[in-house]
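Given next are the chains, with one letter for each unit.
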Amino acid sequence: MKKTENKILRGLICGGEVSLAVADTTQLVNEAIRIHGLSALSAAALGRTLTVAAYMCSGLKTEGSALSVTIKGDGAGGSVYVSGDKLLHMRGYIENPVCDLPPNALGKLDVGGCVGKNGYLSVVRDDGENVPFVGTTPLVSGEIGEDFAAYFAYSEQLPTAIAVGVKISKTGECLGAGGVFMQPMPGASEESLRFVEDTIGKFSAISSLMEEFSAEEVTEKYFGNVNYYTLKPEYKCNCSRNYIEGILTAMGEEELRSVIAEQGKISVHCHYCNTDYEFSPEDTEKLIASMK
């Protein structure tokens, strides 16, 4: 059994004409399963999105930069939300964490049915300059990888070959998850473009590869000796009780007292880490006092 550690290996191939990333996100997905109690199908949908978003975050350049992904389809799983930053602190959730559908025509988890084929994929990227970039494209199939490939091609004009997958055991554990991403540089030769097209098809079972091999072994096996650098994503939410207190104080004294009068307490739920924060009337009075 291979030792699993979240990793993204990034480097250049084809004489520097193609950017390559190989990601092992098995434990990232297992943490999402633990936090949200995900069914196999919901884990596959959220896990694929987490994997692609982690790849996107690995390309963020400046301190404080971050991005968020929203997939709103008409599938049984509802919408998928994932956020991350330059530190590769990733978090996300799916509206229906226990989505369950029959296998698709290929006998595999029906991620397309979970996400849906009608809707959109939206990315908001903040490069740390307070001028966020927003890109939105229609869903292609709900299979996540195909939808993100369409997003890169049409919204960012960066054609990107993507293979992404998640393998869940009968007991609900993620056995293997990851992705391979190849992005030709502007002016890449026809030979390099053909290599990308011919090679990406070898990763149709990327989740099984990540169950058996490390990201380093997959890279060496399919791309040879690549000069790469290693990044380590992790599932980490930015919320805390202090952070929530800051949000509440921004509401103002009148609004806080109104909520206490109506509900007897203030309850805040963080969807990303599935944590509840409660503030009693006494807690709220202390917050109000700190505002003065």
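Because the structure is predicted, anything quoted here is derived from the model rather than measured. Residue numbers here run from 1 along each chain, matching the order of that chain's written sequence. Side-chain atom pairs in this predicted model are given and counted only at pLDDT of 80 or more, local residue features only at pLDDT of at least 70, and totals for whole chains, interfaces and linings cover all residues. For the side-chain quantities, the full set of heavy atoms in the structure was used; hydrogens and water were omitted.

**Student:** Sorry if this is basic, but what is going on with the environment of leucine 287 here?
**Tutor:** In this fold, leucine 287 is placed in helix 10 (residues 281-290). Only protein chains enter the area calculation, which uses a 1.4 Å probe; residues under 20% of their type maximum are buried, those over 50% are exposed, and those in between are partly exposed. On the basis of relative accessible area, leucine 287 is assigned to the buried category, the value being 7%. Spatially, the C-alpha atom of leucine 287 lies 9.3 Å from that of leucine 256, the residues being 31 residues apart in sequence. Any two residues whose heavy atoms approach within 4.5 Å at even a single point are treated as in contact. With near-sequence residues (within four places) excluded, leucine 287 lies in contact with Glu245, Leu248, Thr249 and Phe279. Strands are runs of DSSP state E lasting at least 2 residues, helices are runs of H or I lasting at least 4, and numbering of each runs from the N terminus.

**Student:** Honestly, the pattern of salt bridges in this entry has me stumped. Any pointers?
**Tutor:** Pairing between side chains becomes possible if they bear opposite charge and their charged atoms approach one another. When a carboxyl oxygen of Asp or Glu lies within 4 Å of a side-chain nitrogen of Lys or Arg, that pair is called a salt bridge. Inspection of every chain in the model, using the stated rule, returns 14 salt bridges. A salt bridge links glutamate 216 to lysine 7, with the nearest nitrogen and oxygen atoms 2.5 Å apart. Separated by 209 residues along the polypeptide, glutamate 216 in helix 7 (residues 215-223) and lysine 7 in strand 1 (residues 7-13) bring together distant segments of the chain. On the basis of relative accessibility, which here comes to 21%, the residue glutamate 216 falls in the partly exposed class. Among the ionic pairs, glutamate 156 bridges to arginine 125, the shortest N-O distance being 2.9 Å.

**Student:** Looking at this structure, how should I read the sheet that holds strand 6 (residues 119-126)?
**Tutor:** Picture the strands of a sheet paired through backbone hydrogen bonds; they go either parallel or antiparallel. The criterion for strand pairing is that DSSP finds at least two bridges linking the strands in question. In spatial order, the strands read 7-6-3-4-5-11; together these 6 strands make up an open sheet with mixed pairing. For this open sheet the edge positions go to strand 7 (133-138) and strand 11 (234-235), each flanked by a neighbour on one side alone. Note: strand 6 against strand 7, 6 bridges, orientation antiparallel. Bridging from a neighbouring strand, tyrosine 120 pairs with proline 138 of strand 7. Axis definition: a line fit to C-alpha positions, over the contact stretch in the case of helices; interaxial angles, taken between N-to-C directions, run 0 to 180 degrees. Across the sheet, helix 4 (residues 145-154) is in contact with strand 3 (66-73), strand 6 and strand 7; its angle to strand 7 comes to roughly 125 degrees.

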